[in-house]
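Chain and residue survey
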Amino acid sequence: MAPADTQRKSAEERRDEILDAAVTEFAQNGLHGTSTDRIAERAGLSQPYLFRLFGTKKQLFIAAIERCFAETLEFFRAASASVPREEALMAMGRAYGENLLPDQTKLLAQMQAYAACYDEDVRAAVRRGFGDIYEFVERVSGASDEAVMEFFARGMLLNVMTAMDVTHFDAGWARRLSEAIGCAHD
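Residues numbered from 1 in each chain as written. Predicted model: local features only at pLDDT ≥ 70, side-chain atom pairs only at ≥ 80, totals over all residues. Heavy atoms only, no water.

**Looking at the packing of aromatic side chains**
- The tally for this structure, following the rule as stated, stands at eight aromatic pairs.
- Consider the rings of Phe76 and Tyr96, whose centres lie 6.1 Å apart with planes at 50°: the pair is tilted. With Phe76 in helix H4 (residues 57-81) and Tyr96 in helix H5 (residues 88-100), this pair connects stretches of sequence that are 20 residues apart.
- Since its relative accessible area comes to 3%, Phe76 is described here as buried.
- In this structure Tyr96 comes out as buried when scored by relative accessible area, which is 9%.
- Aromatic side chains Phe130 and Phe152 sit 5.3 Å apart centroid to centroid with 55° between the ring planes, which places their arrangement in the tilted category. Here the residue Phe130 occupies a position in helix H7 (residues 120-141), and Phe152 occupies one in helix H8 (residues 145-164), the gap between them amounting to 22 residues.
- Here the aromatic cluster, defined as three or more aromatic residues joined through ring pairs, consists of Phe76, Tyr96, Phe130, Tyr134, Phe151 and Phe152. (Phe/Tyr/Trp six-rings, centres within 6.5 Å; stacked < 30°, edge-to-face > 60°. Helix = DSSP H or I, 4+ residues; strand = E, 2+ residues; numbered from the N terminus. Buried < 20%, exposed > 50% of the residue type's maximum accessible area, 1.4 Å probe, protein only.)

Written as structure tokens, this is what we have:
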């Protein structure tokens with residue numbers, strides 16, 4: 001039997017590696033600015049294999065953003081599973097702040113997904129992913145429409161602030177905004 005490090009990887013393992021590489025590349029360069037050659041190189045495989053698994057670059061982009069939405073939903077599920085309903089929004093917000101905000105790559109990938117909503121297929125995938133998360137938050141928290149909207153509005157503002165690295169930007173408006181939203185400012 002071959003040593004473990006030389007065994008062939010399954011298509012599912014390769015698919016995960018490609019999605020990891022794709023999220024990183026798409027986060028940096030967007031749907032149209034990203035090269036599939038670069039994704040394949042980052043994943044350590046051939047471009048034809050990438051296309052065999054995903055078909056087109058757009059299908060790979062959609063799979064990558066669907067994965068990001070699914071991961072966010074899983075963080076929210078885990079965070080809300082062991083708390084009373086009235087604490088669910090706070091628990092999900094903490095989980096988002098602790099697990100997703102520190103990962104600027106995933107946040108930028110998410111923003112690239114929103115920016116690519118000019119494409120009908122991407123827009124449909126983003127609506128599905130966002131809708132699944134929104135409906136989960138509504139259902140599990142039992143919060144008012146206004147509270148759920150505030151939760152998402154605050155999250156989007158945090159995403160934008162993280163993308164701009166506002167907490168490390170020395171300007172009065174950045175400090176005031178960071179303090180108002182409860183972020184530490186350097």
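There is more to say after this.
**Concerning the packing of helix H1 (residues 11-33) against helix H3 (residues 47-54)**
- Taken N-terminus to C-terminus, the directions of H1 and H3 make an angle of 105°; their axes are 11 Å apart at the nearest point. With respect to their mutual orientation, H1 and H3 come out roughly perpendicular. Between H1, through Ala11, Arg14, Arg15, Ile18 and Leu19, and H3, the contact on the second element is made entirely by Tyr49, Leu50, Leu53 and Phe54.
- Tallied by class, residues from the contact of H1 with H3 come to seven nonpolar, no polar and two charged. (Axes fitted to C-alpha atoms, helices over the stretch in contact; angles between N-to-C directions. Parallel < 35°, antiparallel > 145°, perpendicular 65-115°, else oblique. Contact = heavy atoms within 4.5 Å. Nonpolar A, V, L, I, M, F, W, Y, C, P; charged D, E, K, R; others polar.)

**A look at the pattern of salt bridges**
- Scanning the model with the defined rule gives 13 salt bridges in all.
- Of the charged contacts in the structure, one is a salt bridge between Arg38 and Glu25, with a shortest N-O distance of 3.6 Å. With Arg38 in helix H2 (residues 36-43) and Glu25 in helix H1, this residue pair connects regions lying 13 residues apart in the sequence.
- Arg38 gets classed as partly exposed once you look at its relative accessible area, which sits at 32%.
- Note that Glu25 is salt-bridged to Arg42, the shortest N-O span being 2.8 Å. With Glu25 in helix H1 and Arg42 in helix H2, the pair connects residues that are 17 residues apart, well separated along the chain. (Salt bridge = Lys/Arg side-chain N within 4 Å of Asp/Glu carboxyl O.)

**Focus: the nonpolar core**
- Within the largest apolar cluster, 54 residues are counted, with the highest numbers of intra-cluster contacts made by Ile18, Leu60, Met92 and Val137.
- For Val137, the residues in contact, after removing those within four places along its chain, are Phe76, Leu89, Met92, Gly142, Val148, Phe151 and Phe152. (Core = buried A, V, L, I, M, F, W, Y, C linked by side-chain atoms within 4.5 Å.)

**A short note on helix H9 (residues 172-181)**
- All of the buried residues in H9 are Ala174, Ser178 and Ile181. Taken down its axis, H9 places every buried residue within 75° of arc, on the same side. The outward face of H9, more than 90 degrees from its buried face, is lined by the exposed residues Arg176, Glu179 and Ala180.
- Check the buried side of H9 and you find it contacts H8. (Arc of directions from axis to C-beta.)

**A closer look at a nonpolar patch on the surface**
- Taken together, the side chains of Val160, Met164, Phe169 and Trp173 present a nonpolar region at the surface, about 390 Å² in accessible area.
- Relative to the assigned elements, Trp173 resides in helix H9.
- Given a relative accessible area of 40%, Trp173 falls into the partly exposed group. (Patch = residues over 30% accessible without salt bridge, like charges linked within 9 Å, V, L, I, M, F, W, Y side chains within 5 Å. Areas by Shrake-Rupley, 256 points an atom, 1.4 Å probe, with all protein chains shown as cover.)

Spatial relationships are all this shows, so hold off on functional conclusions.
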